[in-house]
Amino acid sequence: MSAVGRRMGRLEDRRLLRGLGHFVDDVNRVGQLWMRVFRSPHAHARITSVQTDEALALPGVEAVLTGEDIAWARPIPVRTRTKHQLDNFLQPVLARDRVRYVGEPIAVVLAEDPYLAEDAVELIRVEYEELPVVLDARSAIEADDSRSLDGFESEAATLSMGYGDVEEAFRSAAHVVEIEVKIGRHSGVPLETRGLVADYDAGSDHLTIWGATKVPHFNRRVLSQMLGMPLNRISMKKSDAGGGFGVRGEFYPEDFLVPYLARETGRPVKWIEDRAENLVAANHSREQVHRISAAFDEEHRLLGLHDEVWQDNGAYIRTHGVIVPDLTLAMLPGPYRVPAYEGVAHVALTNKTPCGTYRGPGRYESTFAREHLLDVAAARLGIDRLELRRINLLETSELPHTRPLSTLGTDVVLDAGDYEGLLDKALDRSGFDGWEKEARELRAEGRLVGTGVGYFLEKSGTGPYEEAIVEVDPTGSVRVITGGASLGQGIETVLAQIAADQLSVPPEEIEVVHTETDLLPDGVGSWASRSTVVGGSAVMLAAKATAEKALRVATTMLEAATEDLRLESARVRVDGSPDKSVSLGEIAAACEPHSGLAEGEESGLGARRTFSVDHMTYPYGVHLAQVEVDPETGGVEIRRYFVAYEVGRAVNPTLVEGQLVGGAAQGLGGALLEEFRYDDSGQPLAATFIDYMEPTAAEVPRVETLICEDAPSPDNPLGLKGAGEGGTVGCGAAVVSAVEDALGMPGSIKALPVSPSKIRALLRESDRAGSTAAEAASFSS
């Protein structure tokens, strides 16, 4: 039985569920110092003085570092490729002249224990001259409010892309529908906060670093450049991670400070972020305003789309660059036939925590804007919302479909798919007709129950490449080394399953090693749903090459022709001679130097391979929701939720289901609860879990799933499409669709999250409108 496609538990869980995981906070080095960060209490201010004498005088404090001490340090660079000049907007490691958001690092303390470090931070005295704040991206750009940012332009970049004659499409349209919507600022908020431990060996001039990162090789290269150290003198070590979601694992100021201070002091340095820091210092995401319009002909066919986006990027451009607005524009047409399209995105800087990527970046936002537009259009055109989508979905005969768009350095070429077929399957398997019938019946009884839909197009398998090594030692043990990283997504299990198929070894007996730069000095990492698609393809190639080498060496050992050999149950056997076989371990021993049995072969049984890719893959799916609104409180209960997803091929269906359910929980949080808000002075109003509302088990419904494997990708040897983000992407669209259906008010919801206060306001407005209409009717009679 093939290991690929098999349901099995996560191999990682053998240690994690027994409390044997090894997280960053479990790493302790002899003689280590603890680092604590002094952060700005102001959203925008000029620093006039920094006094550290009292902190340094505290017994047990080893050092205090300010921005002036490391004025030579370069700002943190951008990781993703871009044509935009962003150097002027990058974040310094420590602020020197001014601070631009609450939580910006100004100084750090090193002390003998974490409590002492925290006490010392409170003794640092900083004097400020407060400056005006910029808190709204759109108004800042439209007012050209660059002076308020004290040296920064409000608009860091303007992105535009499109194709076709958009002006003609709208000029000739029978119907034009335009809406404006906002997606609220929120983020991944992983269970485990960030942390780092660094140990420096002065004798060998070598840094060893422990920390959960999604891009270990990138972070290593950046650190090498910033510290002026050779790459081979820096080792990144693996640790388990309590969630990533795009938020953790980028290169933050602390990723420089901890190793730098370890080298300067000659002692190990440890830093563990607390939750208050996490909510103001780690990347935020999502905050966008869309003014989007669609042109339709008499048959309700789309003629064109136009979208203008304002992205609030916070105070700086971080390592993600402008990837979020780039993906927003490139993915906005979705799975539909759009003859003409124009998208413009304004990337604005404000005095808020800088933004980055978060599960489904750009697609969560654009899916909500587009799908909400289609719901409003269906209501105005007097056509069923599902029928409007059917009319405009690309047909199977139109795929592959090339759009004159580019994102992440690759052209947008929608690969294989059956978009309408998946919609039909989702409606049938979920029993959506029954949901709608039940909702109508309950509304007739006076209850506010509605159903909603959100169709999304995803992307995955971002290149340009990934590295993998497969090794078999003389005991027969198999080890896979990947350039990816484990952030809780089950990469150790999936890559073991892929290698198992090629080597005929049980997945449970394969060790998967990640984030070990000494073992694999190059790699791209785990982000953008690429670990299985690109990393898995590299593992498959390396395992296949290892199996082929085993067969070649076995021809000498068994004195048989290659075509008479087969690899089965970790042994090479001779067809027709059941007693004649050698194990993979025996073959590995024969590959040792001077064995004389593997002449012409490199020593060792194994292979290193690179899988390169020119285009991404494009999975797609449907979210369906049934909700009930409480007219008294404005609260929304998710009664039913269903996600159908085309993944090309599921290496482990159980893990795919887990990704979809977990993603839906996060997407529902962003749709209903989660939002980072600020007061007029730029102070965060959601700096604890009292105010930043995340969904609990009480709010997340049972999420039903349908995993489809009807359209494998032709762009990788396993036919894979990514599965990490689809559970999140359609949530905002489906929930708003259902809430508006329940209220009978299409187009009334203008922003996410759909909070109880917003719903109560809508209901009050509806009551007033109803009363006014009744009075008018009474007067006229």
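This report concerns the structure included in the present document. Small disclaimer: the values here were computed from a predicted structure and weren't measured.

### Topic: the pattern of salt bridges
At step 1: Per the counting criterion, the structure on display carries 62 salt bridges.
At step 2: Between arginine 573 and glutamate 568 there is a salt bridge; the shortest N-O distance is 3.4 Å.
At step 3: Beyond isolated ion pairs, a larger network of salt bridges with shared partners links Arg36, Arg39, Glu118, Arg194, Glu254, Glu273, Asp274 and Glu277.

### Re the sheet that holds strand E7 (residues 155-163)
At step 1: The strand order across the open sheet built from six strands is E7-E15-E14-E13-E8-E29, with neighbouring strands paired in mixed fashion. Each end of this open sheet is capped by a strand with a single partner; those strands are E7 and strand E29 (751-752).
At step 2: By the bridge criterion, eight bridges tie strand E14 (residues 302-312) to strand E15 (residues 341-348) in an arrangement that is parallel. Looking at E15, one finds that aspartate 307 is bridged to glycine 343.

### Some remarks on the sheet that holds strand E5 (residues 105-111)
At step 1: Strand order across the open sheet formed by seven strands is E3-E5-E1-E12-E9-E10-E11, with mixed pairing between neighbours. Two strands close off the open sheet at either side, each with one partner strand: strand E3 (61-66) and strand E11 (234-237). Mean inter-strand twist for the sheet, computed between neighbouring axes without regard to direction, equals 20°.
At step 2: For E3 and E5, the ladder comprises five bridges, and the chain directions are antiparallel. Considered in E5, the bridge of valine 61 is made with alanine 111.
At step 3: Running at roughly 30° to strand E9 (residues 195-201), helix H7 (residues 253-265) makes contact with strand E1 (33-39), E3, E5, E9, strand E10 (206-210) and strand E12 (269-272) of the sheet.

### Some thoughts on the packing of aromatic side chains
At step 1: The final tally for this structure, using the stated rule, is nine aromatic pairs.
At step 2: With centroids separated by 4.6 Å and ring planes inclined at 80°, the aromatic side chains of tyrosine 419 and tyrosine 620 adopt a geometry described as edge-to-face. Taken together, the residues span a long stretch of sequence, with tyrosine 419 in helix H12 (residues 419-430) and tyrosine 620 in strand E26 (residues 620-629) at a distance of 201 residues.
At step 3: Through a chain of ring-to-ring contacts, the aromatic side chains of Trp72, Phe256 and Tyr260 assemble into a single cluster.
At step 4: For the cation-ring pair, arginine 194 lies above tyrosine 252, with the distance from its terminal atom to the ring centre recorded as 4.2 Å.

Conventions we followed
Each chain has its residues counted from 1, running along the sequence as written. Side-chain atom pairs in this predicted model are given and counted only at pLDDT of 80 or more, local residue features only at pLDDT of at least 70, and totals for whole chains, interfaces and linings cover all residues. The side-chain numbers reported here are obtained from all heavy atoms of the structure, hydrogens and water having been left aside. The term salt bridge refers to a side-chain nitrogen of Lys or Arg lying within 4 Å of a carboxyl oxygen of Asp or Glu. By the convention used here, strands pair only if DSSP detects at least 2 bridges between them. Secondary structure elements follow DSSP: runs of H or I no shorter than four residues count as helices, runs of E no shorter than two count as strands, and numbering proceeds from the N terminus. Axis definition: a line fitted to C-alpha atoms, limited for helices to the stretch in contact. Angles are taken between N-to-C directions and run from 0 to 180 degrees. Contacts between residues were defined by any pair of non-hydrogen atoms, one from each residue, lying within 4.5 Å. Each pair of aromatic rings taken from Phe, Tyr and Trp, with Trp reduced to its six-membered ring, is defined by centres within 6.5 Å and is described as stacked if the planes are under 30 degrees apart, edge-to-face if over 60, and tilted in the remaining cases. Only when the NZ atom of a Lys or the CZ atom of an Arg is both within 6 Å of the ring centre and within 35 degrees of the ring normal do we say a charge sits over the ring.

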